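# Summary of the model geometry
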Amino acid sequence: MKFSIGGSLKLAFRPWVEGLENIPAEGPAILASNHLSFSDSFFLPAVLDRKVTFIAKAEYFTTPGVKGRLTAAFFKGVGQLPVDRSGARGAGEAAVRSGVEVLRRGELFGIYPEGTRSPDGRLYRGKPGGLARVALASGAPVIPVAMIDTEKIQPPGKVMPKLMRPGIRIGRPLDFSRYNGMEHDRFVLRAVTDEVMYEIMKLSGQEYVDMYATAAKRRIAEAAKAEKQAQKEAEQAGKRAEEEAGQAGKQQAGETGQAGERAAGEVGQAGDTGQAETGQAETGQAETEARKELDAGKSGS
């Protein structure tokens, strides 16, 4: 399964790799990588000759039905290890135990210190509860890894991947044996994590953000929700304004119509009065002319 998937990925996407010589030919090692895409867990193992085990949600392995069995077979084939993530503390403990077991078998264990995919391509603060504890409990070296451009292959919401060349940079192993027996010291855990994240930043060239990616995702979701609500309120306000403008227009049209009717009535009345006055003037003139003719007749007789 690993050969077929890895071979297909290498053939289709042709990922470039730097620093392969930093991967030991044998023995345990932790590959600590930035996390840009769902495909990170596939591209990294595809370019290595050794098996790399990552942890994955247990739901991927326990979903019933034909689709569930196919999904479980796929994740097992690419070296994913099921971990029950119910409860934050329980999930962390399970991840640490699983990682230590893999390393005790002399294998490679892959982990994403950020804890989740980057929401915007930047590098976020590493969580000390996983990587540092596994490193100190196992004594295995930590190899920083930078995934390059994998988020551009299949951005969120896109179904079909884009054919392009992602990159992988592998740094030199980091030795934290100086902290042996101190895996429960939170300051040591923070120092180990920050050192690894600094090396990943140098390899990837990403902008570093001193906050957890999970918190950034919450902020982005809240901002998107607020923007959507504001847009909805703006649309409602626009509809209300249109309705009010329509009502005002109807009222104005009614008033204009009434004023026109009044003006027409007044013009009609004025016309009737003028016609009456004109008739009276014509009648008076006719009477005057008639009297003149009568007087003239009398004078002639």
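Let me begin by describing the structure that accompanies this report.

Cut-offs used in this document
- Residues numbered from 1 in each chain as written.
- Predicted model: local features only at pLDDT ≥ 70, side-chain atom pairs only at ≥ 80, totals over all residues.
- Heavy atoms only, no water.
- Salt bridge = Lys/Arg side-chain N within 4 Å of Asp/Glu carboxyl O.
- Helix = DSSP H or I, 4+ residues; strand = E, 2+ residues; numbered from the N terminus.
- Buried < 20%, exposed > 50% of the residue type's maximum accessible area, 1.4 Å probe, protein only.
- Axes fitted to C-alpha atoms, helices over the stretch in contact; angles between N-to-C directions.
- Parallel < 35°, antiparallel > 145°, perpendicular 65-115°, else oblique.
- Contact = heavy atoms within 4.5 Å.
- Phe/Tyr/Trp six-rings, centres within 6.5 Å; stacked < 30°, edge-to-face > 60°.
- Lys NZ or Arg CZ within 6 Å of the ring centre and 35° of its normal.
- Pairing = 2+ DSSP bridges.

### Considerations on the pattern of salt bridges
- Overall, the coordinates contain 10 salt bridges when judged by the stated rule.
- Two residues, Arg122 and Asp120, come together in a salt bridge whose shortest N-O distance is 3.1 Å.
- Across the salt bridge formed by Glu207 and Arg122, the nearest N and O atoms sit 3.4 Å from each other. With Glu207 in the loop between helix H7 (186-204) and strand E9 (208-209) and Arg122 in the loop between strand E5 (108-111) and strand E6 (123-124), this residue pair connects regions lying 85 residues apart in the sequence.
- Residue classification places Glu207 among the partly exposed residues on the basis of a relative accessible area of 48%.
- Because the salt bridges share partners, they merge into one network encompassing Asp120, Arg122 and Glu207.

### Structural notes on the packing of helix H6 (residues 131-138) against H7
- At their nearest, the axes of H6 and H7 sit 8 Å apart, and the two run at 105° to each other. Classified by the angle their axes make, H6 and H7 are roughly perpendicular. Contacts between H6 and H7 involve Leu131, Ala132, Arg133 and Leu136 on the former and, on the latter, Val188, Leu189, Val192, Thr193 and Val196.

### Observations concerning the packing of aromatic side chains
- Enumeration over the complete set of coordinates arrives at three aromatic pairs.
- Relative to Phe42, the ring of Phe38 has its centre 5.3 Å away and its plane inclined at 80°; by these criteria the two rings are edge-to-face.
- The class of Phe38 is partly exposed, set by a relative accessible area of 40%.
- Given the relative accessible area of 12%, Phe42 is considered buried.
- Considering the side-chain rings of Phe54 and Tyr112, the 5.3 Å spacing of their centres and the 20° angle between planes classify their relative orientation as stacked. Pair noted here: Phe54 is in strand E3 (residues 52-57) and Tyr112 is in the loop between E5 and E6, with a separation of 58 residues, a long-range link.
- For the cation-ring pair, Lys127 lies above Tyr212, with the distance from its terminal atom to the ring centre recorded as 5.9 Å.

### Quick word on unusual backbone geometry
- A positive phi angle, near 50°, is found at Arg14, a position not held by glycine.
- Summarising the element assignment, Arg14 is placed in the loop between helix H1 (2-13) and strand E1 (16-18).
- For Arg14, a relative accessible area of 48% translates into the label partly exposed.
- With a phi close to 70°, Asp149 is a non-glycine residue in the positive phi region.

### So, the pairing of strand E2 (residues 29-33)
- Burial runs high along E2: five of the five residues are buried.
- Of the two faces of E2, the one holding Ala29, Leu31 and Ser33 and the one holding Ile30 and Ala32 are both buried throughout.
- Of the pairings in the sheet, the one linking E2 to E5 comprises four bridges and is parallel in character. Counted as the bridge partner of Leu31 is Gly110 from E5.
- Of the pairings in the sheet, the one linking E2 to strand E7 (residues 142-148) comprises four bridges and is parallel in character. Opposite Ser33, over in E7, you have Val145 as the bridge partner.

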